[in-house]
Structure formats: C-alpha cells, structure tokens
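Observations on the model geometry
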Amino acid sequence: MPDAGQAMPTGMNTTIIPMTEHEPAGLDFLRLLSWVSPAFPTGGYAYSHGLEWAVERGNVRDVETLCAWIGTLLRHGSTGNDLIILHAAWAAGNDDERLRDIAEFACACATSRERYEETVYQGEAFLRAAGVWGVVPSEVARAGVRWPLPVAQGLVFRRGGVSRGQAVLSGGYAAVAALVSAAVRLVPLGQTDGLRALSRLEPVMAEMADRAQAQTLEDVGGACFGSDLAAIHHETQETRLFRT
Amino acid sequence: MADLVQEGCCRLLFPRIAGPGMETVTVNISGGIAAGDRIEGRLACGEGTDLLMTSQAAERIYRARPDDAPAEIAVSCQIDANARLEWLPHGTIFFDGSRLHRRMTVDMAGSATFMFLESRIFGRRGSGENLSRLDVRDRLSIRRDGRLLVEDMLRLESPDVSTLLAQPAVADGQGGVTTLVLVSPQAMDLLPDVRMRLAPPECAGFAASAWNGMLVVRGLAQSGWMLEVAVRKILPVLRNGRPMPGTWRS
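One structure accompanies this document, and this report is about it. Predicted model only: the values in this text are computed from it and were never measured.

1. Section: the packing of helix 4 (residues 78-92) of chain A against helix 9 (residues 164-186) of chain A
Residue and element names in this part refer to chain A.
- Relative orientation of the contacting elements helix 4 and helix 9 amounts to 145 degrees, with a least axis distance of 9 Å. In terms of crossing hand, the pair formed by helix 4 and helix 9 is right-handed. Contacts from Thr79, Leu83, Leu86, His87 and Trp90 in helix 4 reach Arg164, Ala167, Val168, Gly171, Gly172, Ala175 and Leu179 in helix 9.
- The residue inventory of the contact of helix 4 with helix 9, partitioned by class, reads 7 nonpolar, 4 polar and 1 charged.

Encoded structure:
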C-alpha cells in the first residue's frame, strides 16, 4: 500500500486510488495481473531489444543460448538496470518531482535510438492504459519529460498498492517474458522451449530483483556491449519483424 | 588560455599547431594509474573557444591488491555557447586485477559541440594478457542546456572477466570496446556518412545511431589497434576533415 503518511505535493493534482481500510484484500494482486499481462496494451510484442539481430547472427539459436543472453542482460546489462530504475520509481512514491528526475535519468541511459524509443513508447503506452485505474500522475505533472517503461511501471505499481518486492519481480518478469516471446517467434522455438527458458531464468530473475532493492541509481551500469551493439545494428537490419 | 594549474602526476603540453583551435596533450608523468591514485581535472571552455584534448599515449591501469582502494579519476568540463571541446585520448589499457572508478561530467550549452572518445582494452591479447578480476566503473554524464542527455555507464565488476567477455551479449570473446559520442547542433546529420565509413568488413564490429541531438558510435574488436582502424575511418567525417591530433599521426 502507498504510505498513508506521505505528504502529497501541493498543487500537483495527482490521482491516487483511495486505499481505504474497507478495500477488500487482493485488489493489488488483481491489478498486477492486468499490468504484467502480455495483453496489456503497451505494444510489447513489437520490440525485441536487439534480439532480432542476435538471432540473425546466430548468437541466440536455442534455449541454452537464449538463457545465456537474457541472464547476462539481467546480471550485467539493460534488463538488470531497469530493475534498479523501477525500484527507484516505486520508492519515489508520490514525489512527482523525483519521478521526473528518474525519468530523465532513465532516458539518458538509453544506449541507442531504438533502445530509447522502445522504452519511452512502451512506458507512455503503459501510463495511458493504466489511467483506467486512476493511478497515473496528471498530464500537467507528466508534461515536459518522456516516461521510460520501468519508471512508468514503478510509479503505477506503487500507486496501485503493489508491494516493493512484487513490484520489482513483476517488472523483471514482464521484461524477460517479452524477450522469450520474441525469441519464440524469431528463432523460432517451440512453445515448450519458451516455457523451459522462462522456468530456467526464474532463479536469476529472483536474485536480481532482490539485488535491485538494495541498489540506487548510482549502481546503474553494465558491460553488455554486444547486446547494445545488436540494438544499433538492428536499425539497419534488412529484414525486420520487430521495431527494435 | 585564461588559467592553468597543474600538480602531481598530471601535465599538459601545448604542441604548436597550425589552425585556429588549441590542441592540448595530457601526460601522466607517473607512467600509469595504480590503486589508490586520485586524479581530478576541471576544464572550462569559454564562449566560442575551440579545444582538442588528447593524450600522449594509452593510459595504463595497473593491478591492485584485493584490499586496495580503487583509483579515482574525476574530470568535469563546462562548455559555453558556440564553443567546441573534442576529448580524443588514446585508449585505456586495463591490467588484470585493476580497480578504477572514473567519472566525466560535462555541462554544455545547446549551441556548443562536444566529442567524447574512449577505447577500453581489457588485456592485450597480443601480449598474452588475459584478465580474471576487474573492478571498473566508468561513467560519462552530459547535460545540455541543463538537461540530462547522456548517462553512459560501464560497470565491469567480476572475478572472472574472461568468461564474462566470452558471452555474446558482452563481447563474444573480444577484448576492446570503443564508445564515441558527438553532441552538437549538426551531429545527427552525420549519421549516413558515418555508416558509410563503417561499411567495410574491418569495421563490422562497429555501428552508429543518432537520436536526441547526438550521434553515438559503439564498437567491439579484438585489439586496441583494430579499434583504432575503425575510429580513424570516422574521425575525418565527424571532425569535418580537420587534421588528426599530433599524437595520433603515424
């Protein structure tokens, strides 16, 4: 639940679901199911995070190489960084000024044009869709900055009453599930192999979600040069199914 | 030049060059960076000035003992309206066990030009160097007209660097990585030319992207020398044909 004691910035006109004592238990979990569902309209199916290039180059070709690729992104690259950013946004609570700073920071972390587009297009679509629940800052509070996906997720999860631990795990799950789903279509892999990859990546998702909760934006950084380069090469890839 | 203060192991040389701009060469008279070293630099480029900073040779980051503090390098630059700063050092060579925390912070005007180049070499393969342990955090932050534009953060902290570098998502076994960032009013227009220059097979590990008023080139290669081959192909386009820095001529 959002801390009841946290002061609302005055004049921000932020919409917050009234989390009253009378609200039945489990609403936060129900909302979370919607927000991480592949059917939630963020357009996630259209982005591969450079995986399309990695598949073309043969770097990702089966369950083994897919798990190595995604596991490395979680431990040493963009996907792990997004967990730190999501956690920071969750922790910012109702501090809209702080959220704007985190959004600007997350935008600056994008390593190429498609990485930038993928995160802000999905983040802003996520905020539009989550508006149905009334858990999104007002247009005035959002104006003037772009909203990367992990920032949008963090702030919506927090305002929707999702706990810290579940928020970070859910963001990691959504990112990994999207990559696996892209690989299933690209490699291609059978549905069962996709599920095998998801199941094998559970321990590293849990470990990195745990680590992210002890980290700050100062810890963002990585060494996934190959993955960052794959995203840039994708910009000029001749045959493309995905936007990134 | 309005003001120059230098102390400790850092020296600046000012080779005499033809042309309107100023060229400066950094020299580390200690011969390399060891654990616990602390180096700080501050640079202010006034309105309309034109400065090229390069280095005499590649910087070497030497092995630290496990309980040594990391070497710390902090450089901050302010670039005023219509000024140009080109930061074109030779690369950084990391020896096994080295520990470095480096940070460059740039605060630039929207009309200014800033070019950043950094090539990192993780073990010189030709000399049989293979790395096991590294503790490196190397961060570039650029603000343009007060707004955060770039946070490029390398974090390579591992007790088994060779295995990590072998991952295709990391370096696919290669030991050299280059980052080049150009922020200027014209930066994005250069993308097609830069891509054309990177088309030959010897530049296959390099790729360029442009967004938000900047051009970024990233590359992986087997060695520092191969990184330099690609960098030398694109610098003339990015620098509008101006001659290479004195210490780069070969």
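2. Section: the sheet that holds strand 9 (residues 99-108) of chain B
Residue and element names in this part refer to chain B.
- As summarised here, the arrangement of the 5 strands in space is 3-6-9-11-12, forming an open sheet in which the pairing is mixed. Of all the strands in the sheet, just strand 3 (38-45) and strand 12 (147-158) have a single pairing partner and so form its edges. Each neighbouring strand pair of the sheet contributes to a mean axis angle of 5 degrees, computed without reference to strand direction.
- When strand 9 meets strand 11 (residues 134-144), the two strands line up parallel, connected through 10 bridges. Opposite Asp107, over in strand 11, you have Arg143 as the bridge partner.

3. With respect to empty space enclosed by the protein
Residues and elements named next belong to chain B.
- Applying the stated criterion across every chain yields a total of 1 cavity of 30 Å³ or more.
- For the largest cavity, the calculated volume is near 60 Å³.
- Contributions of two or more residues to the lining of the largest cavity are made by strand 12 and strand 15 (214-221).
- Residue classes in the lining of the largest cavity are distributed as 8 nonpolar, 1 polar and 3 charged.

4. Digging into the pattern of salt bridges
All names here are of chain A.
- Overall, the coordinates contain 31 salt bridges over all chains when judged by the stated rule.
- A salt bridge links Arg240 to Glu114; the nearest nitrogen and oxygen atoms lie 2.8 Å apart. Here Arg240, found in the segment after helix 11 (225-234), pairs with Glu114, found in helix 6 (residues 113-130); they are 126 residues apart in sequence, far enough to count as distant.
- A relative accessible area of 2% means that Glu114 is categorised as buried.

5. Overview of helix 6 of chain A
- Here helix 6 of chain A contains 18 residues, and its C-alpha end-to-end distance of 26 Å stays within 8% of the 26 Å for a straight helix at 1.5 Å per residue.
- Counting buried residues along helix 6 of chain A, 15 of its 18 residues qualify, which places the element largely inside the surrounding structure.

6. Quick look at the side chain of His49 of chain A
Residue and element names in this part refer to chain A.
- As for its position among the elements, His49 is in the loop between helix 1 (27-35) and helix 2 (51-56).
- At a separation of 2.3 Å, a polar atom in the side chain of His49 contacts the side chain of Glu118.
- Those residues in contact with His49 that sit more than four places away from it in its chain are Leu73, Ser78, Arg115, Glu118, Leu179 and Thr244.

7. A word on the interface of chain A and chain B
- Tallying the contact residues gives 34 residues for chain A and 36 residues for chain B.
- Taking both partners together, chain A and chain B bury about 2900 Å²; carbon and sulfur atoms supply 55% of that area.
- Taken together, the links from chain A to chain B amount to 5 salt bridges.
- Residues Arg143 of chain B and Glu104 of chain A are paired through a salt bridge, measuring 3.9 Å at the closest nitrogen-oxygen approach.
- Here chain A is connected to chain B by 19 residue pairs in polar contact (both at pLDDT 80 or more).
- The set of elements that each furnish at least two residues to the side of chain A that touches chain B consists of helix 3 (63-76), helix 5 (96-108), helix 6 and helix 11 of chain A.
- A breakdown of the residues in the side of chain A that touches chain B according to their chemical character gives 14 nonpolar, 13 polar and 7 charged.

Definitions and cut-offs
Residues numbered from 1 in each chain as written. Chains lettered and ligands numbered in written order. Predicted model: local features only at pLDDT ≥ 70, side-chain atom pairs only at ≥ 80, totals over all residues. Heavy atoms only, no water. Axes fitted to C-alpha atoms, helices over the stretch in contact; angles between N-to-C directions. Helix = DSSP H or I, 4+ residues; strand = E, 2+ residues; numbered from the N terminus. Left-handed = near helix turned anticlockwise from the far one by under 90°. Contact = heavy atoms within 4.5 Å. Nonpolar A, V, L, I, M, F, W, Y, C, P; charged D, E, K, R; others polar. Pairing = 2+ DSSP bridges. 1 Å grid on protein atoms, 1.4 Å probe; cavity = no way out; pocket = protein on both sides within 12 Å on 5 of 7 lines; lining within 4 Å. Points joined across faces, edges and corners; volume = space filled by probe spheres on them. Salt bridge = Lys/Arg side-chain N within 4 Å of Asp/Glu carboxyl O. Buried < 20%, exposed > 50% of the residue type's maximum accessible area, 1.4 Å probe, protein only. Expected span 1.5 Å × (residues − 1). Polar contact = N/O pair within 3.5 Å; in protein donor to acceptor, adjacent residues only side chain to side chain. Buried area = accessible area lost by both parts, 1.4 Å probe.

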